[in-house]
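# Close look at the chain arrangement
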Amino acid sequence: MTTNARLRRLLAAACGLLAAGLPALAADDATPVDTAALYRQHCAACHGGQRLGGMGPALLPESLARLRKPEALKVIRDGRAATRMLPFGATLAAAEIAALAEWIYTPVQPAPSWTDADIATSRVETPGWRGWPARPQWRADPMNLFVVVEAGDHHVSLVDGDRFEPIHRFASRFALHGGPKFTPDGRYVFFGSRDGWITKFDLWNLKTVVEVRAGINMRNIAVSGDGQWVMAANYLPHTLALFDADLNLVKTLGARTLDGRQSSRVSAVYDAAPRKSFVVALKDIAELWEISYDPKAPPIHDGLVHDHKLGEAIAAPGYLGVRRTPLDEPLDDFFFSPDYAHALGAARPRADGTPSGQVVNLDARRKVATLPIAGMPHLGSGITFDWQGTRVLASPNLKDGRISVIDMKTWKLVKDIATPGPGFFMRSHEATPYAWTDSMMSPAARDTLTIIDKRTLEPVAAVRESGKTLAHIEFTKDGRHALASLWEDDGALIVYDAASFKEVRRLPMRKPVGKYNVFNKITRSEGTSH
């Protein structure tokens, strides 16, 4: 038997035995591998004894959902450049590496917990930050700053949106969620990582202010419109965590039904600034929650009452309380109407292919319409704009190559716009007549950005990076330039003229999964996500 054939057999045996809960076999003498001991010896110091993370990220199935097993094998074997992750290819046998890679994708038993005490203990604050200068310590327009998340080596770059030059680059937590959030003045940005860490960073002084771990596996974060509150949505544990602006824990809320019998992962939390509230979608419970941070919020009456004004039923405080809206089915993600009166959400695709999008009136606390969008609409990355005297919503689709345009008065379909393939992001700006969308979910068309005229609802142009993934547009403050991500490890930030669609500049980046313009975010531009 050749060496390669023997190694293939050993690797298969390692994976098969691990799947059966038995020790793996070492490559040298076919003796059982004590994977737990290997982990304690080589991994626990950085990743924690229970795989909850430490200096390194959490190694749990939920935290590694975006890292495929072959890539995990490569990271264990070769390490990760510019990080503390060392290569183990010369230290461990191939079957031992395979055993470790398989093990980190198995659930921890018993399921790990993350308590209020754990959250408080995790908090680390930089001494003296309150005395830092209250003005940018660099020369550029702070409102036209781009914050670029680079997933290739877990860094963040700050780019001048006028000169398109880097200002600063710093290491981030592992696997940042793509949507950082800003305080109203644009000074501070909050990052959320998939393994539960929230980082408050001072953009003017280029320093970290404070960090805290809100959970074990976190979906996203939201910052209140007044900049005073931060809320984290957790998959594990099934909680929401509310912090003040300095990331001191205020309270946690269990994501449970009113009777406490069922818990849920939290799909998403977003700030509804005009309502002075956070709105929350639950993955496993058919409810939409609204949590007001207005001290004058009216009391909450759960259950059936004839007249709230008569004081019927026992009321719960409206301030920081949970106001529940029952739904037909759970929402995975959602989007607000421009007046924030409605949440437009998408549920899991139905087996029969019928539309699963819901329009929920947040005041009436009920579903008022079904969105006529089949497939998997990605409403969280939709945009709104004016078309022929009415406001419309345009949403990409994760399953089909089309953009669905919906009249926001009637909730009827205006048009399906064909694209080369299913996509994830759509972006525009008030100052441009064009919207840009990707087809990154398509193996054949992931290299193409389609440009659509918002006046005619017709594609008018496309830009391509042959054979590579091109995605996620964000505009400059004035809307004159569009910045795209060459979504590769040896990728780039590509700057296009928003009128001619010609490339202006290219900045090398390590898999820039998203870039965010400070002004467009804090002013809630109609062409970007909120």
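Throughout what follows, the structure given in this document is the object of discussion. (Residues numbered from 1 in each chain as written. Predicted model: local features only at pLDDT ≥ 70, side-chain atom pairs only at ≥ 80, totals over all residues. Heavy atoms only, no water.)

Counting its secondary structure elements, the protein contains 7 helices and 35 strands. For 530 residues, the compact-globule formula gives about 24 Å, and the C-alpha radius of gyration of the protein, at 24 Å, lands near that figure. Each of the three principal axes of the protein carries a C-alpha extent, and together these read 75 × 60 × 60 Å. In the protein, which comprises 530 residues, the share counted as buried stands at 55%. Once local pairs closer than 6 in sequence are excluded, the contacts in the protein between residues at least 24 apart make up 47%. When the accessible surface of the protein is totalled, it reaches about 22600 Å², and 54% of it is carbon and sulfur. Computed over 64 positive and 58 negative side-chain charges, the inter-centroid distance for the protein is 1 Å. (Helix = DSSP H or I, 4+ residues; strand = E, 2+ residues; numbered from the N terminus. Rg over C-alpha atoms; globule rule 2.2 N^0.38 Å. Buried < 20%, exposed > 50% of the residue type's maximum accessible area, 1.4 Å probe, protein only. Contact = heavy atoms within 4.5 Å. Areas by Shrake-Rupley, 256 points an atom, 1.4 Å probe, with all protein chains shown as cover. Lys, Arg positive; Asp, Glu negative; His and termini not counted. Charge placed at Lys NZ, Arg CZ, Asp CG, Glu CD.)

Let us look at helix α5 (residues 94-103). Extensive coverage of α5 is indicated by the burial of 8 of its 10 residues. Taken together, the buried positions of α5 are occupied by Ala95, Glu96, Ile97, Ala98, Ala99, Leu100, Ala101 and Glu102.

Right, let's talk about the packing of aromatic side chains for a bit. The final tally for this structure, using the stated rule, is 13 aromatic pairs. Taking 4.9 Å as the distance between ring centres and 80 degrees as the angle between the ring planes, the aromatic pair formed by tyrosine 270 and phenylalanine 334 counts as edge-to-face. Note that tyrosine 270 is positioned in strand β15 (residues 266-272) and phenylalanine 334 in strand β19 (residues 333-336), a separation of 64 residues in sequence. Each member of the pair, tyrosine 270 together with phenylalanine 334, is buried. Ring pairing ties together the aromatic residues Tyr270, Phe334, Phe336 and Tyr340, which thus form one cluster. Of note, lysine 477 hangs over the ring of phenylalanine 519, and the distance from its end group to the ring centre comes to 5.9 Å. (Phe/Tyr/Trp six-rings, centres within 6.5 Å; stacked < 30°, edge-to-face > 60°. Lys NZ or Arg CZ within 6 Å of the ring centre and 35° of its normal.)

In the structure shown here, the tally under the stated rule is 1 cavity of 30 Å³ or more. Volume-wise, the largest cavity comes out at about 30 Å³. Around the largest cavity, the lining residues are Phe385, Ala394, Val405, Ile417, Met426, Ala435, Ile452, Lys454 and Leu457. Residues that form the lining of the largest cavity fall into these classes: 8 nonpolar, no polar and 1 charged. (1 Å grid on protein atoms, 1.4 Å probe; cavity = no way out; pocket = protein on both sides within 12 Å on 5 of 7 lines; lining within 4 Å. Points joined across faces, edges and corners; volume = space filled by probe spheres on them. Nonpolar A, V, L, I, M, F, W, Y, C, P; charged D, E, K, R; others polar.)

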